[in-house]
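Here is how the chains run, residue by residue.
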Amino acid sequence: MRNALLSNKNRMQRRIDEISSFTEIDGEITRRTYSAAWADAVDYLKKEFALAGMTCRMDSFGNLIGRYDPLGSSEKPFAVGSHLDSVKNAGKYDGVAGIVCGLEMVSMLYENGIVPKHPIEVIATADEEGAICQKGYFGARFMTGDMTAEQCLGFRNAEGKNVADLQGDCRLFKDNTFGSDCGWAKNCYRSWLEIHVEQGNVLETEHKQAGIVCGVVGIGRIFVKFTGSSDHAGPTLMKGRQDSLAAAAALITHVWEKGQKKSGDLVCTVARLHNSPNIHNVISGETELVIDYRSADDSLSQATAAEFKAFVKSLEESYGVKTEITAETYTPVKLFDKDMISAIKALEMPDTMELYSWAGHDAKAFANFIPTAMIFMPSIGGKSHSPLEFTPIESFELVCNSAVKLFL
């Protein structure tokens, strides 16, 4: 029977489409953690978990866990899954792909009456995208105890709300006491497997059907604030102006040029900008931005961060502004578990290759505490965090038909 264990692509496509229908904004996919759309998606998954013979629970952060354990085993379970939240105006597949694949593999076992060698838990994590915690994969960090509950509450979203505020507005947490179970997953699982769309075009370019991920690159962010002086854009002479936006523009150009020079080894982005007073006829007095830089070489990342900060300081004299590094984060390169990678290779999926992930994932948080691995499916055109995001359902079939063997 195990040789004939096959996934159901129509069921997977239906689940992908159903989850994508839960959105805060009509005409696009926006599903931030604790929003009404996210809560509706949680309710939907609870029903799908039950249909696959699973019990369900949610931790105090909002991570949803479905457990498949036909024998009531006391053994540590396998964990598989990804995140349910999305960025604004997202695609269908980021995060959802890993949840759907995990649920499908359990469905395959359940409908064929097959008992896995250990229990399986399918996890839909919360706030992986970092809308609340700019370090990313917030729910996974809570699960593993990477932060204390008090530290978790210290982070706020763009509207100034923290986890407690947002949970207070969400119907799923009316009787919730936040934080008492922080770190509950640290010693709970035997392994974490995350199946994810690549979010790049390496697999498509190399004509590969799946990728075995060897690790996640180092990811750093530098939060910069420029303070100048707001004056009328007409009468104020150019000489002596203290234009915070002009200084920020110089930094943006510098970051772009640095990334171009190190292309292939480093990526650098400025993608968040706040400017005040942001009026067409007033010189900018305060500008804030975030630099995002990534590399598979921690030493290159460290050198890049130091160079960026020195350049920021140099702009004080050039533009007559004050500069401040208001915050800085860095998560170093994380290699995945060698034994798990070997087990995935032993599946002998056709047309695979090894590669790094240049995006952060829940797997990076779990890898600090739990043997962890990832499998990538191709993103057509390399599109992600975009309505154009697309991965063929045949890729889901291929990966599920192979990866389910890890549980047998």
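The rules behind these values
Every chain's residues receive numbers from 1 upward, in the order its sequence appears when written. In view of the model being predicted, local features appear only for residues whose pLDDT reaches at least 70, and side-chain atom pairs are presented and counted only at 80 or more, with totals across whole chains, interfaces and linings using the full set of residues. To get the side-chain values, take all heavy atoms of the structure and skip hydrogens and water. Secondary structure counts use DSSP, requiring at least four H or I residues in a row for a helix and at least two E residues in a row for a strand, with both numbered from the N terminus. The quantity called the radius of gyration is restricted to C-alpha atoms. Its globule counterpart is 2.2 Å times the number of residues to the power 0.38. When accessible area is computed with a 1.4 Å probe and restricted to protein chains, residues below 20% of their type maximum are described as buried, those above 50% as exposed, and intermediate ones as partly exposed. Contact criterion: two residues are considered in contact whenever any of their non-hydrogen atoms come within 4.5 Å of each other. The axes used here are C-alpha line fits, helices contributing only the stretch in contact, and every angle between their N-to-C directions lies in the interval 0 to 180 degrees. In these notes the angle categories are as follows: under 35 degrees is roughly parallel, over 145 is roughly antiparallel, 65 to 115 is roughly perpendicular, and the rest is oblique. Left-handed describes a crossing whose near helix is turned anticlockwise from the far helix by less than a right angle; the clockwise case is right-handed. Put simply, Ala, Val, Leu, Ile, Met, Phe, Trp, Tyr, Cys and Pro go in the nonpolar bin, Asp, Glu, Lys and Arg in the charged bin, and everything else, Gly too, in the polar bin. Multiplying one less than the number of residues by 1.5 Å gives the expected span of a helix. By definition, two strands form a pair when at least two bridges between them are found by DSSP. Salt bridge, as applied in this entry: a Lys or Arg side-chain nitrogen positioned within 4 Å of an Asp or Glu carboxyl oxygen.

**A few points about the overall build of the protein**
Each helix and strand in the protein was counted, giving twelve helices and 13 strands. In terms of overall dimensions, the protein is globule-like: its C-alpha atoms have a radius of gyration of 23 Å, near the 22 Å expected for 408 residues. Every one of the 408 residues in the protein was classed for burial, and the buried ones make up 52%. Considering only residue pairs separated by 6 or more positions, the protein has 78% of its internal contacts joining residues 24 or more positions apart.

**Looking at the packing of helix α1 (residues 9–20) against helix α3 (residues 96–111)**
To describe two helices that pack against each other, one gives the angle between their axes and the distance between the axes. Where α1 meets α3, the closest approach of the two axes is 10 Å, and the angle between their N-to-C directions is 140 degrees. Taken together, the axes of α1 and α3 are oblique relative to one another. Like other packed secondary-structure pairs, α1 and α3 cross with a definite hand, here right-handed. Across the interface between the two elements, Arg 11, Met 12, Arg 15, Ile 16 and Ile 19 of α1 pack against Val 96, Val 100, Leu 103, Glu 104, Ser 107, Met 108 and Glu 111 of α3.

**Structural notes on the environment of Gly 228**
By the secondary structure assignment, Gly 228 is in the loop between β7 (218–227) and α8 (244–261). Under the relative-accessibility criterion, Gly 228 is labelled partly exposed at 23%. Taking the C-alpha atoms as reference points, Gly 228 and Gly 168, separated by 60 residues in sequence, lie 38 Å from one another. Dropping the residues within four chain positions of it, Gly 228 is found in contact with Gln 242, Ser 244, Gly 285 and Val 321.

**Observations regarding the packing of helix α2 (residues 36–51) against α3**
Two elements in contact, α2 and α3, have axes separated by 9 Å at closest approach and are oriented at 25 degrees. Judged by the angle between their axes, α2 and α3 are roughly parallel. In this structure, α2 uses Leu 45, Glu 48, Phe 49 and Leu 51 to contact α3, whose residues at the interface are Ile 99, Leu 103 and Tyr 110. Here the residues of the contact of α2 with α3 are counted per class, giving six nonpolar, no polar and one charged.

**A word on helix α9 (residues 298–319)**
Compared with an ideal rise of 1.5 Å per residue, which puts 22 residues at 32 Å, α9 spans 32 Å between its outermost C-alpha atoms and is within 8% of the ideal. Along α9, the residues that are buried comprise Leu 300, Ser 301, Thr 304, Ala 305, Phe 308, Val 312 and Leu 315. If you follow the buried residues of α9, they end up packed against β7, α8, β8 (267–276), β9 (286–295) and β10 (322–331). At the exit of α9 stands Gly 320, carrying a positive phi of roughly 65 degrees.

**Concerning the pairing of β7**
The element β7 is extensively covered by neighbouring structure, given that eight of its ten residues are classed as buried. As judged from the ten bridges shared by β7 and β9, these two strands associate in the antiparallel manner. By the bridge assignment, Val 224 is partnered in β9 with Leu 289. With nine bridges joining them, β7 and β10 adopt antiparallel strand pairing. Residue Gly 220 lies in a different strand from β10, and its bridge partner there is Tyr 330.

**So, the pattern of salt bridges**
Two side chains carrying opposite charge are able to pair once their charged atoms lie near each other. For the structure shown, the criterion picks out 24 salt bridges. Note that Arg 11 and Glu 104 form a salt bridge whose closest N and O atoms lie 2.8 Å from each other. Of the two residues, Arg 11 is situated in helix α1 and Glu 104 in helix α3; the sequence distance between them amounts to 93 residues. Side by side, Arg 11 and Glu 104 carry an identical accessibility label, which is buried. For Arg 190, the salt bridge identified is with Glu 75, shortest N-O distance 3.3 Å. Residue Arg 190 is found in the loop between α6 (163–168) and β5 (191–197), and its partner Glu 75 is found in the loop between β2 (64–68) and β3 (78–83); the two are separated by 115 residues along the sequence. On the basis of relative accessibility, which here comes to 28%, the residue Arg 190 falls in the partly exposed class. Salt bridges here are not isolated pairs; linked through shared partners, they connect Arg 11, Arg 14, Arg 15, Glu 48, Glu 104 and Glu 111.

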